[in-house]
Amino acid sequence: LKAVSDKIADAMPGGGTKREGPEEGIPGKPAPVSPQLAEPVQPVEPLPPKADQSGPETVSPTGQPTGADQARMAQSGAYLTTAQGTRLADSDHSLKAGPRGPVLLQDHHLREKLMHFDHERIPERVVHARGSAAHGVFQSYGTAQAISKAAFLAADVETPVFVRFSTVLGSRGSADTVRDTRGFATKFYTEEGVFDLVGNNIPVFFIQDAIKFPDVIHAGKPHPDREIPQAQSAHDTFWDFVSLHTEATHHTLWNMSDRGIPRSYRMMEGFGVHTFRLVNAQGDTTLVKFHWKPKLGVHSLVWEEAQLINGMDPDFHRRDLADAIEAGAFPQWELGIQTFPDNDDQMFEGIDLLDPTKIVPEELAPVQAIGLLTLNANPSNFFAETEQVAFHVGHLVPGIDVTDDPLLAGRLFSYLDTQITRLGGPNFPQLPINRTHAPVNDMLRDGSHQSAVHRGVAPYKPNSLDGGCPFFAGADTGAYIEVPVEIPSARKVREAPASFDDHFSQPRLFWQSMTPVEREHIIAAYTFELSKVYEQAIKERVLQTLANIDAELCGEVAAGLGLQAPSATEPPTEVGASPSLSQIGKSWPLDGRTVGIVTDATTDLAGVAEVRQAVLDAGMVPLVIAPTGGRLLGDKDPVTVQRTYAAARSVEFDALLLAGVPEAGADAYGARDAKAGNPRAAVGDPRVVALLAEAYQHGKAVGGWNGAERLFEAAGIHNGEAGVVIATDGPTALRQLTALMGTHRVWARFPAPTS
Ligand code: HDD
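Everything quoted here is computed from the prediction, not taken from an experiment. (Residues numbered from 1 in each chain as written. Predicted model: local features only at pLDDT ≥ 70, side-chain atom pairs only at ≥ 80, totals over all residues.)

**Notes on the nonpolar core**
Considering soluble globular proteins, one finds that nonpolar side chains tend to be buried as a cluster. Among the nonpolar cores identified, the biggest contains 99 residues, and Val 163, Tyr 526, Leu 546, Leu 553 and Val 557 are the most heavily contacted of them. If one sorts the elements of this core by residue count, helix α12 (residues 536-549) sits on top with six residues. Beyond its immediate sequence surroundings of up to four residues, Leu 546 is in contact with Tyr 526, Leu 553, Cys 554 and Val 557. (Core = buried A, V, L, I, M, F, W, Y, C linked by C-beta atoms within 7 Å. Buried ≥ 20, exposed ≤ 12 C-beta atoms within 10 Å, placed from the backbone. Helix = DSSP H or I, 4+ residues; strand = E, 2+ residues; numbered from the N terminus. Contact = placed C-beta atoms within 7 Å.)

**Description of the UniProt feature "binding site: heme" (unreviewed entry) in the chain**
In this structure's numbering, the residues bearing the UniProt feature "binding site: heme" (unreviewed entry) are Arg 125, Arg 164, Phe 213, Arg 411, Tyr 415 and Arg 422. If we skip the residues at most four places from it in the chain, Arg 164 touches Gly 131, Ala 133, Gly 183, Ala 185, Thr 386 and Val 389. Arg 422 gets classed as partly exposed once you count the C-beta atoms within 10 Å, which come to 17. Excluding residues within four positions of it along the chain, Arg 422 makes contact with Ile 122, Pro 123 and Arg 125. (UniProt positions renumbered as here; feature names shortened; annotations may be inferred.)

**Describing the domain arrangement of the chain**
Along its sequence, the chain is organised into domain 1 (131-434), domain 2 (500-581) and domain 3 (594-749). The C-alpha centroid of domain 3 is placed 39 Å from the C-alpha centroid of domain 1. Contact residues are listed per partner, giving eight residues for domain 1 and six residues for domain 3. Per-class residue counts for the side of domain 1 that touches domain 3 are five nonpolar, one polar and two charged. (Domains from an automatic or database assignment. Nonpolar A, V, L, I, M, F, W, Y, C, P; charged D, E, K, R; others polar.)

**So, the pairing of strand β1 (residues 131-140)**
Burial runs high along β1: eight of the 10 residues are buried. Relative to strand β2 (residues 158-167), β1 runs antiparallel, the two sharing nine bridges. Looking across to β2, one finds that Val 137 is bridged to Pro 160. In this sheet, strand β11 (residues 368-377) lies alongside β1 in antiparallel orientation, the contact comprising six bridges. The residue of β11 that forms the bridge with Gly 136 is Leu 375. (Pairing = 2+ DSSP bridges.)

**Observations regarding the environment of Pro 429**
In this structure, Pro 429 sits in the loop between α9 (406-422) and α10 (505-513). According to the C-beta neighbour criterion, Pro 429 is partly exposed, with 17 such atoms within 10 Å. Spatially, the C-alpha atoms of Pro 429 and Glu 334 are 28 Å apart, while their sequence positions differ by 95 residues. With near-sequence residues (within four places) excluded, Pro 429 lies in contact with Asn 434 and Arg 435.

**Thoughts on the site of the ligand**
Taken together, 26 residues are adjacent to the ligand, and His 128, Arg 164, Gly 183, Val 273 and Ser 414 come closest. Counting residues per element, the ones that place at least two in the shell around the ligand are β2, β3 (182-190), β4 (193-200) and α9. Broken down by element, the shell around the ligand gets its largest block of residues, six residues, from α9. Of the residues assigned to the shell around the ligand, the class counts are 14 nonpolar, nine polar and three charged. (Near = placed C-beta within 6 Å.)

**Describing the confidence of the model for the chain**
Across the chain, the average pLDDT comes to 89, with 88% of residues at or above 70. Long-range and interchain partners of residues 8-30, a stretch whose pLDDT sits below 50, account for 43 contacts in this model, where long-range means more than four residues apart. Low pLDDT (under 50) marks residues 49-71, which in the prediction has 36 contacts with non-local residues, meaning those over four places away or in another chain. Two summary scores accompany this predicted model of the complex, namely pTM at 0.91 and ipTM at 0.99. (pLDDT = per-residue confidence, 0-100.)

**Description of the UniProt feature "active site" (unreviewed entry) in the chain**
Look at the UniProt record and you will see "active site" (unreviewed entry) annotated at His 128 and Asn 200. For the annotated residues, spread through 73 residues, the largest C-alpha to C-alpha distance comes to 10.5 Å, consistent with a single compact locus. Relative to the elements of secondary structure, His 128 occurs in the loop between α2 (108-118) and β1. Of the residues examined, His 128 has 22 C-beta atoms within 10 Å and is grouped as buried. If near-sequence neighbours (up to four positions away) are discounted, His 128 is found in contact with Ser 166, Val 168 and Gly 183. Classification of Asn 200 as buried rests on a count of 24 C-beta atoms within 10 Å. Sequence-distant contacts of Asn 200, defined by excluding residues within four places in its chain, comprise Thr 181, Arg 182, Gly 183, Phe 184, Phe 271 and Val 273.

**Overview of helix α13 (residues 551-561)**
For α13, the set of buried residues is Leu 553, Cys 554, Gly 555, Glu 556, Val 557 and Ala 558. The secondary structure elements touched by the buried residues of α13 are α10, α11 (516-531) and α12. Among the residues trailing α13, Gly 562 stands out with phi positive, at a value near 70°.

**Here's the deal with the environment of Arg 445**
In this fold, Arg 445 is placed in the loop between α9 and α10. The class for Arg 445 is exposed, based on 12 C-beta atoms found within 10 Å. In this structure, Arg 445 is in contact with His 454 and Pro 459, ignoring residues within four places of it in sequence.

**Here we look at unusual backbone geometry**
A cis amide bond, omega -5°, links Ile 228 with the succeeding residue Pro 229. Structurally, Pro 229 can be placed in the loop between α3 (213-220) and α4 (236-244). The amide bond that connects Lys 461 to the next residue, Pro 462, takes the cis arrangement and shows omega of -5°. Locating Pro 462 in the fold gives a position in the loop between α9 and α10. A positive phi angle is found at Asn 706, which is not glycine, with a value near 40°. As for its position among the elements, Asn 706 is in the loop between β19 (701-705) and α16 (709-714).

**Describing the sheet that holds strand β18 (residues 655-658)**
Sheet architecture is open: six strands sit in the order β17-β14-β13-β18-β19-β20, paired in parallel fashion. The open sheet has two edge strands, β17 (643-644) and β20 (724-727), and neither has a second partner. Judged from the two bridges that link them, strand β14 (residues 621-626) and β17 form a sheet pairing that is parallel. Its bridge partner being in β17, Ala 626 is matched across the sheet by Thr 644. Sheet contacts for helix α14 (residues 605-617): β13 (594-598), β14, β18 and β19; angle to β14, the most-contacted strand, approximately 155°. Most of the contacts of helix α17 (residues 730-741) go to β19, to which it runs at about 170°, and overall it touches β18, β19 and β20. (Axes fitted to C-alpha atoms, helices over the stretch in contact; angles between N-to-C directions.)

Printed below as a string of C-alpha cells:
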C-alpha cells in the first residue's frame, strides 16, 4: 500500500513528492537537481534478450513474460534495431542530401518507422470501448460438480483468468465515472478450452431480442450530427428510445440507481444476465444464472462526486484497480449460481427464464457460491492484452450450454463477427491473450495475420493422408454436444411470447426494494438526465413509464422538471420487495480505502505519523495533505506529503482526518494568514474548510483530534452529528472513523424523498 500512496502522489498534478534525502522538500528550500537527467549513451552488456525475441518458451500462453525481471525490461535489448533486426546508429534524423537538402526516399528506417506508427491504432470496440483488465485465478469450490461436468468447476481446480471491466457507451479515451452500465467479462483458460462469461454489473438488459441491439446502441451513443454528448445517457436520443420501448424500463431504472456510478470496479457485482444450462456427466440439466459477488461489497459514488472525478481524474477506476493489485490488495469475487429446474416451459415462480429483462429475486432462489476469483496481476501491455482480448459468449466448455434466450442467440453471432473488423481477420484466437491453454488441433487455415506454421497436408476430415488425425472426442468429452432439448413443433414467426410483455412489475420490485436514500438518488438521477432532454414529448413519455412503476417516483421527477405527473396506464401488480437488491444496511471490509490526513507544519506531526502507520496497518491507503509538497519535520519521523491543499479534492478520499493542534489557541492550518490580510482564513485555510464541507456533503466520515474542531465549525459541521468524530488523540479518532467507514457512507446525512 505504500507503493500505492507514493504512486498516487506521483500521478497528481502538483501533488506530493516522494523525494529522498533529509533536506529535500523542506518548504522554502528547492530540491537539488537530479544528476540523472540525460539519456544514458553506453549499452550495459550483457543484457537479456527481449522476451519476444528469445523464443516462445519465455512467454506464457497468455502472453505474460515468464521471468519476473523481464516484465520490467520493456526495451531490454542493447541496441536499437529495425523490425528486421538490423542495428541502427541514428533515429533522430532522416537521410538527406546534405543537412539542408531534401529527404531521400531510400531511407528505409524512416519509412518503416512512420509506416508502423501510421497503423498503430485499431478500431475501438463498437460498445464497451473504454475498459481496464487484470489477470487472476479462479479457485473452484467443487459445489457445482454435481450439476456440471465442466472440469474447471471440480473441487480445488485452479484456473487462470483474464477479466476486463468496461463502460458501455463511451469511446476508448472517455472518463471512467460516467453514469452507465459496466461490463464484467471473464476469460477462463480451462484445460478443456476457453470459457468466457461476458456479463455486466446490472442483471438485466435493455432489450429482449438481439435484433434491437443496433437500435439501443445508436440511441445511446453520441448524436450522429455533432458527435455529442460523449459517454452520457442524458440526451434526447437515449430517452427517446427507452421511452418508446418500454421493455428497457427495468435496465434504465438500474442505470439511474447508484449501480450506474460504481465506487470501484472492485466493488461491483457481476451478472451473466441470461439463463444458462449446465449439464452433468449423466446428461442431467439444470438452468442457472451466474452472479459475481465482490468481497468488498457493492458501493457507489454519489453523482456530484462522479462528475467531479470525471474532470479531476478521468482514469479513476482504471487507476484504482491497477493500484490495488500492485499494492497486493487483490480484489476478490465469489462466483455464485441461482439454480432452477429445467422445466419444459423454462419458467420459475412465474418468471420467464428466457427473458433477459427479468431477474429472479435472491429470496426466491438463493445464490450458491461455486468458486473464488482473485485478480492478482496487472497486464504488462495495455494494447496487447486489454485492447486485443476478444470475449465471446459462444466460448463454452463441456458442461455449460446456452438456452433459447433470443438476446443470447444474436450475441452468439455478433462477438465472432465484430473481431473481424476490430482485430483485422479470423486469426485473433492466436493473439497471446486470446490463446487457449488447451492443445489446439483445428483445421482452420491461412487468413490475415496467420502466425502458426501448420504442418501436414490434410487439413480436412475424413482424411487418410495425415493418418486420420486429428480424431474426434467421445460424446462425453466433446464440447458443443447440444442437450437434446424438445422443441415443440412451431410456425416461423417474428414475435415474442406473451410473457415478455410485462415491462413494469420488475422495475416496481426494484423500486420497492430500495431504501429511502437510494430512492432519493434515483429521483435525482432521472431529474438530472431529463432536464438535459430538449423534446418535451420525450420527457412526458418517460414520466408515463415512471407512473407505471410508482406514483411517488413519477411525482417527484415531474415536480423537479416542472411538469404534470401523469397517471399509470397499467394497473400496478403487487410485487413486494427483494431486500438483497439494496446496497445499504451492511458493514464491509475496508481494504484499499483511502484516508486523507489533513495537516500542516504546526499540527501534531507525531500523531500524524502514528495515524498514517495505523491506516497502512489496516490495509488502507493514507494520503497526507499539507499546504505545500515535500516533508513536514516533526519530532519523530518526518511526514511525507502526498497532496497539497491546492491539489486535494475530497472525491479522492473515503474519509478525512484533521490533525490536532498541540497548543491550545495556536494559529494552525494557515490561520496566521488572517493576520496577513486574508480574513477568510481566520480559523484556517479556506481550502481545508472547503475540503471538509465537500466530504461531509458526500456522506463521508470526517474526524479530527484536539483543536481541529474549529475548522469543522467553520465548515458548518458540528461535533456530535452523525459521522463526525472529534477525539483527543489521532489513534482514537482513526478507530472511531474506521468504525463508520464500514457502511461506506454516513447514510443519515442524505435527505429522503418527501412522502
Ligand atoms: Fe455485448 C462487447 C456484455 C448484449 C454485441 N458486451 C461486450 C462486452 C461486454 C458485453 C462486457 C465487452 C467485452 C470486452 O471487454 O471485450 N453484451 C453484454 C451483455 C449483454 C450484451 C451482458 C446482454 C446480456 N452485446 C449484446 C448484444 C449484442 C452485443 C445483444 C449484439 C447482438 N457486445 C457486442 C459486440 C461487442 C460486445 C459488438 C463489442 C466488442 C466485442 O463485442 O468484442 O459484439
